[in-house]
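Chain and residue survey
Here is what each chain is made of, one letter per residue.
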Amino acid sequence: MSNGIRGPYDPQQLIAPGYPGVAPPMGWVPPLGGVLNLIGVYDTRRRGWVGLPLEALTEALVVGEKQHALDRVDARNGRCSLTIPEGTAVGESKTAEIEVPAGEVWYLRNHEIRVHEAAALSAGDLVCNFRVSRFPKVNDVDKLFYSTEDRLTATQALIAAGDVCDHRSIIWRDAIGDVAHKRDVLRDFADPDELGNALRLFGGDKLTLVVTVADAETADADVDVDLTVWGLRGKRLIE
């Protein structure tokens, strides 16, 4: 290099001890004030100080955020609802939003779309999904969370008979008798076939419930649909 310094980890650099690449004298401790010191660790193999990458600090802060549970996220602050009015035409969509308040960070685990029973409904299937504003956009529109194969389709017959939810079905067998049991459970962002991790959102991020009428216009009844998420509000430490 033209300034005579051979490289960031060259122990012959003519700079003060305590900086990356410089082996400090035995027992040397960086001054407590008046000097800006880099964050680093001493590399015993290279016999020099190595600066920690910013990513190492970032990852540690992200882990720390969700260890400080400041509040729950549930139906009280993590739910949005909409109504598909009677007579809504085929292909028409309605939306509702959950927005993370400014300054907050959420770690979400469970989620549920629920189409409420409408016994008087005589026509109209509903296709339900939700968008995540933090995900990459597709054709300038926020990305839908579910693929076409995984999204919830609530048929008219199912809606008329009871609530319809996008639950996951779990089947297990007794140790004795080998009898199969089935149970519906909430979907979890941390499941391997979803995100494999909690969904991290912070102030201004949105989840948008999208419900579209399919096959025939809705007739004879309004239909209510909810999106609810569960998780925690962490301590915001990093963007």
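These numbers come from a predicted model, not from an experiment. (Residues numbered from 1 in each chain as written. Predicted model: local features only at pLDDT ≥ 70, side-chain atom pairs only at ≥ 80, totals over all residues. Heavy atoms only, no water.)

Here we take up the pattern of salt bridges. On inspection of all chains with the given rule, the structure shows 14 salt bridges. We note a salt bridge from R76 to D74, for which the minimum N-O separation is 2.6 Å. Relative accessible area serves as the criterion here: at 7%, D74 is assigned to the buried category. Residues joined in a network through salt bridges with shared partners are R168, R187, D191, D193 and E194. (Salt bridge = Lys/Arg side-chain N within 4 Å of Asp/Glu carboxyl O. Buried < 20%, exposed > 50% of the residue type's maximum accessible area, 1.4 Å probe, protein only.)

Right, let's talk about the environment of R79 for a bit. One can find R79 in strand β4 (residues 79-84). Side-chain polar atoms of R79 contact the side chain of T228, separated by 2.8 Å. (Helix = DSSP H or I, 4+ residues; strand = E, 2+ residues; numbered from the N terminus. Polar contact = N/O pair within 3.5 Å; in protein donor to acceptor, adjacent residues only side chain to side chain.)

Next up on the list: unusual backbone geometry. Unusually for a residue other than glycine, N139 sits at a positive phi of about 55°. Relative to the helices and strands, N139 resides in the loop between β7 (123-132) and β8 (143-144). Although it is not a glycine, D220 adopts a positive phi angle of roughly 75°. Structurally, D220 can be placed in the loop between β15 (206-219) and β16 (223-234). Judged by its relative accessible area of 45%, D220 falls in the partly exposed class.

Take the nonpolar core next. Counting 36 residues, the largest nonpolar core has V115, L126, L207 and V225 as its most contacted members. Residue assignment for this core shows that the elements contributing at least two residues are β4, β5 (93-99), β6 (105-115), β7, β9 (152-154), β14 (199-202), β15 and β16. (Core = buried A, V, L, I, M, F, W, Y, C linked by side-chain atoms within 4.5 Å.)

Positionally, N129 belongs in strand β7. At 3.0 Å, the side chain of N129 and the backbone nitrogen of Y146 are in polar contact. Beyond its immediate stretch of four places on either side in the chain, N129 contacts I113, L144, F145, Y146, R151, T208, L209 and V210. (Contact = heavy atoms within 4.5 Å.)

Turning our attention to a negative patch on the surface. A cluster of acidic residues, E86, D220, D222 and D224, forms a negative patch on the protein surface. With respect to the helices and strands, E86 occurs in the loop between β4 and β5. (Patch = residues over 30% accessible without salt bridge, like charges linked within 9 Å, V, L, I, M, F, W, Y side chains within 5 Å. Areas by Shrake-Rupley, 256 points an atom, 1.4 Å probe, with all protein chains shown as cover. Lys, Arg positive; Asp, Glu negative; His and termini not counted. Charge placed at Lys NZ, Arg CZ, Asp CG, Glu CD.)

Before going further, it helps to examine the packing of aromatic side chains. A full pass over the atoms with the stated rule returns six aromatic pairs. On the basis of an interplanar angle of 10° and a centroid distance of 4.9 Å, the ring pair of F130 and F145 is categorised as stacked. Here F130 is found in strand β7, whereas its partner F145 is found in the loop between β8 and β9, with 15 residues between them in sequence. Per residue, the accessibility class of F130 equals that of F145, and both read buried. Relative to Y146, the ring of F130 has its centre 5.7 Å away and its plane inclined at 75°; by these criteria the two rings are edge-to-face. Separated by 16 residues along the polypeptide, F130 in strand β7 and Y146 in the loop between β8 and β9 bring together distant segments of the chain. As far as the burial class goes, F130 and Y146 line up, both buried. One aromatic cluster is present, built from ring pairs that chain together F130, F135, F145, Y146 and F189. (Phe/Tyr/Trp six-rings, centres within 6.5 Å; stacked < 30°, edge-to-face > 60°.)

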